[in-house]
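Descriptive structure summary
Okay, here's what each chain looks like letter by letter:
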Amino acid sequence: MRKNLRKVGAVLTASAVALTTVFTVGPAKTAKGADDFVVEKDPYVISEEDAQPYDTADLTLTPGLTYVKDGKEIEVTGAIDTQSFCADPTCMEVDGKIYVYGTTDQRSYGTDKSYTNDKENGEVLANKYQTKKLSIFSSSDLVNWTDEGFIDMEKVCSDDGKPASSAWAWNSWAPSALKYDCDGDGKDEYYIFFTNGGDVGYVKGETPTGPWKDELGKLLIKKSEIPNGMGNGIIWNFDPAVLLDNKGDAYIYWGGGNGSTAELQKHPKTSRSCKLKISADKVELDWDTITELDSYYHFEDNEINQFGDKYVYTYCANWNVPSNNQYIKDGSVSIVGYVSDDPLNVTCDPENWQEGDPKFIGKILKNPGSELFDEYYNNHHHMFEFKDKYYMLYHTTALDQFLYKDDYAGKTDSNGKPLKSLSYRNLHIDEIKVDVESDEPTIDVKPSYAGPDQVGTFNPYQTINATTQSHQGGISTAQLEDGKVVVDKIDTGDWTRIDGVDFGSNGAAKLEASVASATTQGSIEVYLDEALTGTKIATLQLKDTGADNYETLSADLDNVTGLHDVYFVFRGTDYRVASWTFTEKEAAAPDVTPAPGTPAPGTPAPGVTPAPGTPAPTATPAPTVTPSEDKVSVAKPAIKSVKNVKGKKAKVTLKKKITGANGYEIRYSLKKTMKSAKKVTIKKANTLTATISKLKKAKTYYVQARAYKTVNGKKYYSSWSGKKKVKIKK
């Protein structure tokens, strides 16, 4: 459904650069075809009465997410999802990319007196938290994020074909992610644990984005079935957190809530830890290991990490922390936690701490609403390490306040205080500082509007999902029946931006876009560094391909080199964009400088006079030399030894450096044929050792190595070395 959106105040145009964030959201309107196969992800779209002609000479850009603080308008680029509402983030790293999973906040509709979920005639109501979907986003640089769509519990089925939503997953909140090779074939499977609102279950995927399966067909942790009375003290049997530690053991943490007395607020004892048993066809809890956790002022949001050899258990404190509490100095609903050496015993009473107990960190993150967006709310978070730095994901109501701001005027919440939001959340990310090895462990987070610095640069020479963006104005996304996610609900003036795009010294020769369009009235303009006022490098004119038929639009590019932010500015409506593809320009032929005294090609020998009428000699251009595999050879390395080291690891040592090589590749498999082998890369020729982690105890692995050489950006490999085997005993 489209929402009427009225813009008020100054806006960014080609002739005047300014930006506003004042919006009014009115009754819902139907957009033709919008819900044919689209799961709703459309916080805002320009209304028909405010639509600009697609060919206007004075184009106005749709404002992107900003926040006004102390009269100053601030761009909120630390937000991951500005095209949808999402909360309760978790993540996992797969092949150098972070995949984020969260609760999909789907809007509720009705009147002040009743919840009808009538999008046609109702108003947007405060969040009812009724969703059967989890959202997925991915990034390789933590600034540009791709919308990967949903895990839809109405479509995730068990072996008997029954959807999880009807079997047990009538809600999907607060996910936690785990990758684990459950069948020993050298390939990870992917698990998403979450709560249905009252208990805990999971789904299993073949890749980080699915397809997904309801493996058990029932709940994993049902409060009434927890043995030995250990479920009795749990108020909320939800918010799971999972961990696969560096010893190869898996654990789960869950629970929450606090009682009404001062003692039960301080020591709720409503959360639990337990070891997991994961096999090829199911996940179970090792109930013999279940442990009651005495987490200080616990409310909800269990989270677990292993930083080094330390286990870090964190959660959201409740609303009853006294303002003068010396252990949680910033009071209520902060993120707090412990550092422990024991994965099951991760808590203690900080007021009666004894040597050997876990250490209470206290506040890690002050409530980000109070820090940034002038609103207190309970919070969920997830910490992770990526490329030698540490980060935290959390949620705010920034997008909610941005969109529904005028609706709150004069209204109060249940406590009689001015209403700030309807409790629709969106995800944020910030870098954090971690020191858990010292006697006084600390984790420091300063929430920001800007978010973290970009990790590396963005590679344009790949197929880029068009939903990929660091910031945007006005677009929504749609997940098609085949799972593809596309840019949707486009209006004139909408835009997306990708930061830190490195076109290199060769530069880009062509841009292609995959577009499905029901009109020819529109185009996509591409700018470097600034929208409208930056360098325009391409205009892609729409053609009528049919609403569901994706075809390629293309434009030749000239002098597009180096590092830039890239803006895609949309004109027109009734079209969707699936992807962008830049093609790199071929490298120029190398200059050939003749030796001193050597005549130029075609120049007569000294003393020879050309015959009359002979045309002037033409220099023969130097040929472009592109190495082929048969002309680039790399010597084969040999493995000196493969030794099992503590922690279910194997250390591989090569005999000697290979002259001319740039690095080495190690592959290992449980099978002598090397089927389903995994690989580890050594990126320096002088480095002759590599450690393989996450191996299985009592299993024998076969190991091979090969060298590689990089020429003109392409890798050329030697043949594989002979195999060595190692049995994992420790």
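Up top is the structure.
So, here's what we can say about the structure. Being a predicted model, the structure only gives us computed values, none of them experimental.

Moving on, we get to the overall build of the protein. Counting its regular elements, the protein contains four helices and 45 strands. Residues counted as buried form 54% of the 730 residues belonging to the protein. If you take every contact in the protein between residues at least 6 apart in sequence, the share linking residues at least 24 apart comes to 65%. Here the protein displays about 32400 Å² of accessible surface, and carbon together with sulfur accounts for 46% of that area.

An order of 38-39-42 is seen for the three strands of this open sheet, with the pairing classed as antiparallel. Both outer strands of the open sheet, strand 38 (639–645) and strand 42 (689–692), are each paired with one neighbouring strand and no more. With direction set aside, neighbouring strand axes in the sheet form an average angle of 20 degrees. When strand 38 meets strand 39 (residues 649–654), the two strands line up antiparallel, connected through six bridges.

Once that is clear, we can look at the nonpolar core. One finds Val312, Met392, Tyr404 and Ile443 to be the most contacted residues of the largest nonpolar core, which totals 35 residues. For this core, the leading source of residues is helix 4 (residues 398–404), giving five residues. If near-sequence neighbours (up to four positions away) are discounted, Met392 is found in contact with Ile364, Leu365, His381, His382, Met383, His428, Ile429, Asp430, Ile432 and Val445. Among the nonpolar cores identified, the runner-up in size contains 31 residues, and Phe503, Leu528, Ala555 and Phe570 belong to it.

Once that is clear, we can look at a negative patch on the surface. Taken together, the side chains of Glu93, Asp95, Glu385 and Asp388 define an acidic patch exposed on the protein surface. As for its position among the elements, Glu93 is in strand 5 (residues 86–94). Residue class for Glu93 comes out partly exposed when judged on its relative accessible area of 32%.

The subject of this paragraph is the pairing of strand 26 (residues 442–445). With burial as the criterion, only one face of strand 26 is covered, namely that bearing Ile443 and Val445; the residues Thr442 and Asp444 on the opposite face remain uncovered. Hairpin remark: strand 25 (residues 426–435) followed by strand 26, antiparallel, with six residues in the connecting loop.

Let us look at unusual backbone geometry. Here the residue pair Gly210 and Pro211 is connected by a cis peptide bond, since its omega of 0 degrees sits within 30 degrees of zero. Summarising the element assignment, Pro211 is placed in the loop between strand 13 (200–205) and strand 14 (212–213). Positive phi, close to 55 degrees, is recorded for Asp70, a residue that is not glycine. Along the chain, the position of Asp70 falls in the loop between strand 3 (66–69) and strand 4 (72–75). On the basis of relative accessible area, Asp70 is assigned to the exposed category, the value being 78%. Here the phi dihedral of Lys694 falls at roughly 60 degrees; this positive angle occurs in a residue that is not glycine. Looking at the element boundaries, Lys694 is found in the loop between strand 42 and strand 43 (700–711). On the basis of relative accessibility, which here comes to 62%, the residue Lys694 falls in the exposed class.

Quick look at the environment of Lys484 now. Position of Lys484 relative to the elements: it lies in the loop between strand 29 (476–479) and strand 30 (485–488). Given a relative accessible area of 35%, Lys484 falls into the partly exposed group. As a C-alpha pair, Lys484 and Ala578 span 94 residues in sequence and 7.9 Å in three-dimensional space. If near-sequence neighbours (up to four positions away) are discounted, Lys484 is found in contact with Ala478, Gln479 and Ala578.

The rules we used
- Residues numbered from 1 in each chain as written.
- Predicted model: local features only at pLDDT ≥ 70, side-chain atom pairs only at ≥ 80, totals over all residues.
- Heavy atoms only, no water.
- Helix = DSSP H or I, 4+ residues; strand = E, 2+ residues; numbered from the N terminus.
- Buried < 20%, exposed > 50% of the residue type's maximum accessible area, 1.4 Å probe, protein only.
- Contact = heavy atoms within 4.5 Å.
- Areas by Shrake-Rupley, 256 points an atom, 1.4 Å probe, with all protein chains shown as cover.
- Pairing = 2+ DSSP bridges.
- Axes fitted to C-alpha atoms, helices over the stretch in contact; angles between N-to-C directions.
- Core = buried A, V, L, I, M, F, W, Y, C linked by side-chain atoms within 4.5 Å.
- Patch = residues over 30% accessible without salt bridge, like charges linked within 9 Å, V, L, I, M, F, W, Y side chains within 5 Å.
- Salt bridge = Lys/Arg side-chain N within 4 Å of Asp/Glu carboxyl O.
- Lys, Arg positive; Asp, Glu negative; His and termini not counted.
- Charge placed at Lys NZ, Arg CZ, Asp CG, Glu CD.

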